[in-house]
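# Residue-level structure breakdown
One-letter residues, chain by chain:
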Amino acid sequence: MKNDGNKAFVKGAIVLTVGVVIAKALGGIYRIPLTNMLGAYGIGVYQLIFPIYSFIMTLLCVGIPSAISKLVALAGVAKPIMSTNGGMPLDNHSKNAANKAKAESGTEAKAANAAEESVKSAVRGDFYAEKVAQERKILRTSVVLLFAFGLAVSIALYFFAPLLAKLQNCAETEKAYKIIAPSVLLVCISAALKGYFQGRMYMKPSAVAQIAEQVVKLAYGLIAVYLALPDVVKAVYSAVFAITVSEVVAVAVLGLYSYIDYVKQNRRIKAFSPEKLYLNARSPVNEQKNRDIAKKLVIWAVPMTISATMGPLSHIIESFMVQNFLVDATAVYGLWAGPVHSLLSLPPVLIMGICISILPSVTAAAANKDKATLTKQFNTAFKWVAVIGLPSSFALLIFAKPVIGLLYGGLEAAEIEYAAYLLSASAMSVLTASMVFLSVSVFNGLGKMYLPVAIIGGASVLKAVADGLLLTKTDLGMKAIAFTSFVSSAISCCVALVLCVKSAQIKLDFWDGFVKPLSATAVMCLCLTLIAFIKRSNPLTQTETLVAIFLTALVYAVALAIIDRSYVKSLTAGLLKRKNL
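Being a predicted model, the structure only gives us computed values, none of them experimental.

## Overview of the overall build of the protein chain
- Helix and strand counts for the protein chain stand at 19 helices and zero strands.
- Sorting the 581 residues of the protein chain into buried and exposed places 53% on the buried side.
- Look at the contacts in the protein chain between residues 6 or more apart in sequence, and 86% of them connect residues 24 or more apart.
- Accessible surface computed for the protein chain: about 25700 Å², of which carbon and sulfur atoms make up 67%.

## Quick look at helix H13 (residues 413-426)
- Compared with the 20 Å implied by 1.5 Å per residue over 14 residues, the 20 Å span of H13 between its first and last C-alpha is a close match.
- Glu415, Ile416, Ala419, Ala420, Leu422, Leu423 and Ser426 are the residues of H13 that are buried. Across the axial projection of H13, the buried residues extend over an arc of 165°, all falling on one side. The exposed residues of H13 that point more than 90 degrees off its buried face are Ala413 and Ala414.

## Remarks on the pattern of salt bridges
- Counted according to the given criterion, the structure contains seven salt bridges.
- A salt bridge links Arg200 to Glu135, with the shortest nitrogen-to-oxygen separation between them at 3.8 Å. Separated by 65 residues along the polypeptide, Arg200 in the loop between helix H6 (173-199) and helix H7 (204-228) and Glu135 in helix H4 (residues 108-159) bring together distant segments of the chain.
- Put simply, Lys383 and Asp512 hold a salt bridge, and the shortest N to O gap is 3.9 Å. Of this pair, Lys383 sits in helix H11 (residues 371-398) while Asp512 sits in helix H17 (residues 510-534), placing them 129 residues apart in sequence.
- Exposure remark for Asp512: the relative accessible area of 16% places this residue in the buried category.
- When salt bridges that share partners are traced, they join Glu135, Arg200 and Asp261 into one network.

## A word on the side chain of Ser485
- Tracing the sequence through the fold places Ser485 in helix H16 (residues 478-504).
- A residue is classified by how much of its surface remains accessible, and Ser485, at 15% relative accessible area, is buried.

## With respect to H16
- Over its 27 residues, H16 runs 39 Å from end to end, which matches the ideal 39 Å to within 8%, given 1.5 Å per residue.
- Directly beyond the C-terminal end of H16, a positive phi value near 55° is found at Gln505.

## A look at the nonpolar core
- Ranked by internal contacts, the top residues of the largest apolar core, which has 143 residues, are Tyr46, Ile68, Leu157, Trp336 and Leu438.
- Among the elements that make up this core, the one with the highest residue count is helix H1 (residues 2-61) (16 residues).

## A closer look at the environment of Gly42
- Assignment of secondary structure puts Gly42 in helix H1.
- Once the C-alpha coordinates of Gly42 and Asp231 are considered, the two residues, 189 residues apart in sequence, prove to be 9.9 Å apart.
- Non-local contacts of Gly42, meaning those with residues more than four positions away in its chain, are made with Val232 and Val236.

## Remarks on a positive patch on the surface
- Together, Lys204, Lys264, Arg267 and Lys270 line one region of the surface with positive charge.
- Exposure remark for Lys264: the relative accessible area of 54% places this residue in the exposed category.

## Considering the packing of aromatic side chains
- All told, the structure shown has six aromatic pairs when counted by the stated rule.
- Ring geometry for Tyr196 against Phe197: centres 5.2 Å apart, planes inclined by 55°, an arrangement best described as tilted.
- By relative accessible area, which is 0% here, Phe197 ends up buried.
- When the ring of Phe197 is compared with that of Tyr202, the centres are 5.6 Å apart and the planes differ by 80°; the resulting orientation is edge-to-face. The same class applies to Phe197 as to Tyr202, namely buried.
- Connected via pairs of aromatic rings, a cluster forms that spans Tyr196, Phe197 and Tyr202.
- Sitting over the ring of Trp300, Lys70 keeps its end group 5.1 Å from the ring centre.
- Positioned above the aromatic ring of Tyr158, the side-chain terminus of Lys178 is 5.3 Å from the ring centre.

## A word on the state of the cysteines
- Applying the stated criterion across every chain yields a total of zero disulfides.
- Of all cysteine sulfurs in the structure, the one in Cys493 sits closest to Cys494, which takes part in no disulfide; the separation is 5.2 Å.

## Some details on unusual backbone geometry
- Leu229 connects to Pro230 through a cis peptide bond whose omega is 15°.
- Here Pro230 shows up in the loop between H7 and helix H8 (232-271).

## Let's talk about the packing of helix H2 (residues 63-75) against helix H9 (residues 290-325)
- Axis separation between H2 and H9 bottoms out at 8 Å; the angle between their running directions is 125°. On the basis of their axis angle, the class for H2 and H9 is oblique. The hand of the H2/H9 crossing is right-handed. Across the interface between the two elements, Gly63, Ile64, Ser66, Ala67, Ile68, Lys70, Leu71 and Leu74 of H2 pack against Ile293, Lys296, Leu297, Trp300, Ala301, Met304 and Thr305 of H9.
- Broken down by class, the residue content of the contact of H2 with H9 amounts to 10 nonpolar, three polar and two charged.

## Structural notes on the confidence of the model for the protein chain
- This prediction gives the protein chain a mean pLDDT of 78; 82% of its residues lie at or above 70.
- Per-element mean pLDDT across the protein chain ranges from 49 in helix H3 (residues 92-105) up to 89 in H17.
- Taken together, the stretch residues 575-581 has pLDDT below 50 and engages in 11 contacts with residues farther than four places along the chain or on a different chain.

The rules behind these values
- Residues numbered from 1 in each chain as written.
- Predicted model: local features only at pLDDT ≥ 70, side-chain atom pairs only at ≥ 80, totals over all residues.
- Heavy atoms only, no water.
- Helix = DSSP H or I, 4+ residues; strand = E, 2+ residues; numbered from the N terminus.
- Buried < 20%, exposed > 50% of the residue type's maximum accessible area, 1.4 Å probe, protein only.
- Contact = heavy atoms within 4.5 Å.
- Areas by Shrake-Rupley, 256 points an atom, 1.4 Å probe, with all protein chains shown as cover.
- Expected span 1.5 Å × (residues − 1).
- Arc of directions from axis to C-beta.
- Salt bridge = Lys/Arg side-chain N within 4 Å of Asp/Glu carboxyl O.
- Core = buried A, V, L, I, M, F, W, Y, C linked by side-chain atoms within 4.5 Å.
- Patch = residues over 30% accessible without salt bridge, like charges linked within 9 Å, V, L, I, M, F, W, Y side chains within 5 Å.
- Lys, Arg positive; Asp, Glu negative; His and termini not counted.
- Charge placed at Lys NZ, Arg CZ, Asp CG, Glu CD.
- Phe/Tyr/Trp six-rings, centres within 6.5 Å; stacked < 30°, edge-to-face > 60°.
- Lys NZ or Arg CZ within 6 Å of the ring centre and 35° of its normal.
- Disulfide = S-S within 2.5 Å.
- Axes fitted to C-alpha atoms, helices over the stretch in contact; angles between N-to-C directions.
- Parallel < 35°, antiparallel > 145°, perpendicular 65-115°, else oblique.
- Left-handed = near helix turned anticlockwise from the far one by under 90°.
- Nonpolar A, V, L, I, M, F, W, Y, C, P; charged D, E, K, R; others polar.
- pLDDT = per-residue confidence, 0-100.

Have a look at this one:
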């Protein structure tokens, strides 16, 4: 069963990561023509609303959904007694089965076996029905809670739009905030449904919803922007409205999955014995009222939300500083928050699939005091974070300019050069940020939700102070932002990993989880460096850049498989894992 749990975690991580990969690929495809169509100023206006929007989304849609996932996972921790000598009385259904078997076989042994199997079947059914009832109660409570919060914040964002635009020193963002306000409510509803499914280790609905959302945003957004041009500001508003449209689709997809899942669960319950048996369940949500569930969700969500909002809050402060301290701030910030941030955030977002999947697994293992499973799952997650984060960081560090030129060829040569410098300076934050995400999920699963608040909060304060000093006392400009982003992320990473391993009381497999991926990354970097050396006199064309990226990715995958075949086995085991009750 422990091995099955690890396989379920791997499968959930793979499904969600694949969904995020496809969604982010579509998002990247959308962002490239959008940037080229809007230009540096247009994408700057577009990006200016996202620090506030991301902060609001994180405030409402990270803490509570994570708490939902944690609470749903605990609802599945309950273990019914499966033996007649464990204090569970036989009911009439079981006694009748025993008498029937005795009459047919004429032996006491077969009668006892029949009674035992009848009890086990009925208990499994009764436990499943109880678990489903508790999960649905959590879902209903969380939807109501997030709907109320989302509605209130949507209204507030609409009416505070003029003030926000004034603070950012950009009048065009006022209408953009009003256009995007309804999406806050929609994202809240989606977040509640995602948390419910993720707590059950059922990642497919979240993955499909993200893909559908990006498809609609890409198709509708590009058409709307094209029709609005050459009015750049109107085109920006059209792109913002596409976000709200895409969220409507996401809610519809998750709602459909919820209905189908509801029907399937009811059929499963009816397939078991309808007789009620005594349950020796340990789930903390059993027999709780909606008010108690809501209280538990809020208590757990507060520290998770605070730690999650540190990043968006840092970006808000960053945007205010840049807008008020730098010349040509909107265009310069557009390069940092648009092309550079999109590339920096891509690998960590992919790794979020692993981090989301490990939360319910760690929660269940910690509740059962199963250190062996906890250690195995943490090391598995740590290994896969390194497998993705290490090559991504070094590839962006070495190949920054070709990648920027490939994806954002519509920018001017000087803008590409500047964006490439920013990307190289902050490339290693991809790995450090990914490790921080993993540590936060483990802390939350262990019930130590305030540790991430202290770690990330301290690093964010240091970053804000450093940003202010470097922007006002030096002429580094956005280069200062790139430098402080990496340094603060590195500090958070080191502190978080050390405390995470200590809190969980586990042994980190550093050799298997980090040194082996690092060795494969070194081979990949050698390939990248060789290509850069060969093409040192002539810049890579877009076709050559694509070939180089594919070749180096292939080299990395082969090197990783040669160094350790367990990566291939882990992927295969996760994908072939069957669903269990």
